[in-house]
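# Reading the structure
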Amino acid sequence: MSNEHGYHGNTENHLARLRRIEGQVRGLQRMISQGEYCIDILTQVSAVQSALDSVAVNLLKDHMNHCVVTAAHESDEAAQAKVDEAAAAIARLIKS
């Protein structure tokens, strides 16, 4: 199996999204330090959570399209292991 991760082709896109999220988090810090209104801060927290969820879904899609498909070409056992791994990741995302 290749050591290349499924997101390899989208690395720059994922990094750009994460940098934007990092900026949003810094904005949240600034809002709190400046005593902004609670609801406005919570609105921005929701936006950050949504942005992180988007990154997670795209990483999961990359995993399914690359890692699971590659494993399916190797063997049924390898494919099942990758599907189980993806299911566990989805369960963690839903739980959080």
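The sections below set out a description of the structure shown in this document. Counting restarts for each chain: residues are numbered from 1 in the order of the written sequence. Reporting of local features is limited, given that this is a predicted model, to residues whose pLDDT is at least 70; pairs of side-chain atoms are given and counted only at 80 or more, and all residues count toward the totals for whole chains, interfaces and linings. Excluded from the side-chain calculation are hydrogens and water; included are all heavy atoms of the structure.

## Observations regarding the layout of surface pockets
In this structure, the largest pocket spans a volume of roughly 220 Å³. Method remark: on a 1 Å grid restricted to protein atoms, a set of points is classed as a cavity if a 1.4 Å probe fits but cannot get out and as a pocket if it is open with protein on both sides within 12 Å along at least five of seven lines; lining residues have an atom within 4 Å of a point. Every residue lining the largest pocket is listed: Ala-56, Leu-59, Leu-60, His-63, Glu-85, Ala-86, Ala-89, Arg-92 and Leu-93. Looking at the lining of the largest pocket, the elements that each hand over two or more residues are helix H2 (38-74) and helix H3 (76-95). Looking at which element gives the most residues to the lining of the largest pocket, the answer is H3, with 5 residues. Taken together, the residues of the lining of the largest pocket break down into 6 nonpolar, 1 polar and 2 charged. Grid points are joined across faces, edges and corners, and a volume is the space filled by probe spheres set on the points. Helix numbers and strand numbers start at the N terminus; a helix is a DSSP run of H or I with at least 4 residues, a strand a run of E with at least 2. Charged means Asp, Glu, Lys or Arg here, nonpolar means Ala, Val, Leu, Ile, Met, Phe, Trp, Tyr, Cys or Pro, and polar covers whatever is left, Gly included.

## Considering the packing of H2 against H3
H3 packs onto H2 with a crossing angle of 165° between their chain directions and a minimal axis gap of 7 Å. One finds that H2 runs roughly antiparallel with respect to H3. Our pair here, H2 against H3, has a crossing hand that is left-handed. Here H2 contributes Ala-56, Leu-60, His-63, Met-64, Cys-67, Val-68, Ala-71, Ala-72 and Glu-74 to the contact with H3, which in turn contributes Ala-78, Ala-79, Lys-82, Val-83, Glu-85, Ala-86, Ile-90 and Leu-93. Here the residues of the contact of H2 with H3 sort into 13 nonpolar, 1 polar and 3 charged. Axis definition: a line fitted to C-alpha atoms, limited for helices to the stretch in contact. Angles are taken between N-to-C directions and run from 0 to 180 degrees. Just so you know how the angles are binned, under 35 degrees is roughly parallel, over 145 roughly antiparallel, 65 to 115 roughly perpendicular, and the rest oblique. Helix crossings fall into two classes, left-handed where the near helix is turned counterclockwise from the far one by less than a right angle and right-handed where it is turned clockwise. Contacts are assigned to residue pairs with any non-hydrogen atoms lying within 4.5 Å of each other.

## Considerations on H3
One less than the residue count of a helix, multiplied by 1.5 Å, gives the span that helix is expected to have. If you check H3, its first and last C-alpha atoms are 28 Å apart, about what 20 residues at 1.5 Å a residue would give, namely 28 Å. Turning to H3, its buried residues number three or more, namely Ala-78, Ala-79, Lys-82, Ala-86 and Ala-89. Mapping the buried residues of H3 onto a view down its axis gives an arc of 100°, with all of them on the same face. Opposite the buried face of H3, by more than 90 degrees, sit the exposed residues Asp-76, Glu-77, Ile-94 and Lys-95. On its buried face, H3 is in contact with H2. Between buried and exposed lies partly exposed: a residue is buried under 20% and exposed over 50% of the maximum accessible area for its type, with that area taken using a 1.4 Å probe on protein chains only. Taken from the helix axis, the directions to the C-beta atoms give the arc we talk about.

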